[in-house]
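# Examining the three-dimensional arrangement
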Amino acid sequence: MKRNGEKIKILLAEEQTLLSRERTMHSYMQTGLAFTSVGLIIMKFMEGIFYFISGILFIILGWLLIIESGRRYIKFRKAVAELRKKEAELGYKIGKIR
C-alpha cells in the first residue's frame, strides 16, 4: 500500500510539471501573437524601409514563437497520454472529471 502511495505522489508531481509546461506553451503563443501584431502595426502606420524591415522581423519572430508553441503542444499531448497510461496501470483516475 505504501508503495502505491509513493507512485501516486510521483504521478501528481508529473501532472503538476505538465501543467507548468502547458502554461509555458500558452506564454509562447501569446508572445508570438503580440510580436506579430506589433509587426503589422509598425508596417501599417510607419513609413520607410527601416520600419518595413523591422515590421517583417517582428512578424517572423512572432511566427517562430507560434511554431515553437505548436511544437510544445504536440509534446505536451504525448506526455499527457503517457501519464494517463501510467494512471490506468495503477488504477487511478487523477485527471478524469466526474
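Going by the structure above, here's the rest.
The following refers to the structure shown. Only a predicted model underlies this, so the values are computations on that prediction, with no experimental measurement involved. Residue numbers restart at each chain and count upward from 1, following the sequence in its written direction. Two thresholds apply to this predicted model, a pLDDT of at least 70 for residue-level local features and 80 or more for giving and counting side-chain atom pairs, whereas whole-chain, interface and lining totals are computed over all residues. Only hydrogens and water are set aside when side-chain values are computed; all heavy atoms of the structure are taken into account.

## Some words on the packing of aromatic side chains
To keep it simple, the criterion reads: Any two rings among Phe, Tyr and Trp, with Trp reduced to its six-membered ring, count as a pair given centres within 6.5 Å; such a pair is stacked if its planes are under 30 degrees apart, edge-to-face if over 60, and tilted if neither. Counting from the N terminus, the helices are DSSP H or I runs at least four residues long and the strands are E runs at least two residues long. Working definition: with a 1.4 Å probe on protein chains only, accessible area under 20% of the residue-type maximum means buried, over 50% means exposed, and in between means partly exposed.
In this structure the tally under the stated criterion is 2 aromatic pairs. With centroids separated by 5.7 Å and ring planes inclined at 20°, the aromatic side chains of Phe35 and Phe58 adopt a geometry described as stacked. Of this pair, Phe35 sits in helix 1 (residues 2-45) while Phe58 sits in helix 2 (residues 49-90); the two residues are 23 residues apart in sequence, bridging distant segments of the chain. A residue is classified by how much of its surface remains accessible, and Phe35, at 24% relative accessible area, is partly exposed. Judged by its relative accessible area of 28%, Phe58 is partly exposed. Seen in terms of ring centroids, Phe50 and Tyr51 are 5.4 Å apart; in terms of plane orientation they differ by 70°. Their pairing is edge-to-face. What makes Tyr51 partly exposed here is its relative accessible area of 35%.

## Notes on the nonpolar core
If you look at soluble globular proteins, the nonpolar side chains tend to sit buried side by side. Operational definition: By convention a nonpolar core is built from buried Ala, Val, Leu, Ile, Met, Phe, Trp, Tyr and Cys residues, the set being connected through side-chain atoms within 4.5 Å. By definition in these notes, contact holds between two residues if any of their heavy atoms fall within 4.5 Å.
Core analysis: the biggest nonpolar cluster contains 7 residues, these being Ile8, Leu11, Leu18, Phe76, Ala79, Val80 and Leu83. Those elements that place two or more of their residues in this core are helix 1 and helix 2. Ranked by residues supplied to this core, first place goes to helix 2 with 4 residues. When near neighbours in sequence (up to four residues on either side) are disregarded, Leu83 contacts Leu11, Glu14, Glu15 and Leu18.

## Details of helix 2
Here is the rule we go by: In this scheme, a helix's expected span is set at 1.5 Å multiplied by one less than its residue total.
Its 42 residues place the ends of helix 2 62 Å apart at the C-alpha level, agreeing with the 62 Å of an ideal helix rising 1.5 Å per residue. A positive backbone phi angle near 85° is found at Gly91, which sits one or two residues after helix 2.

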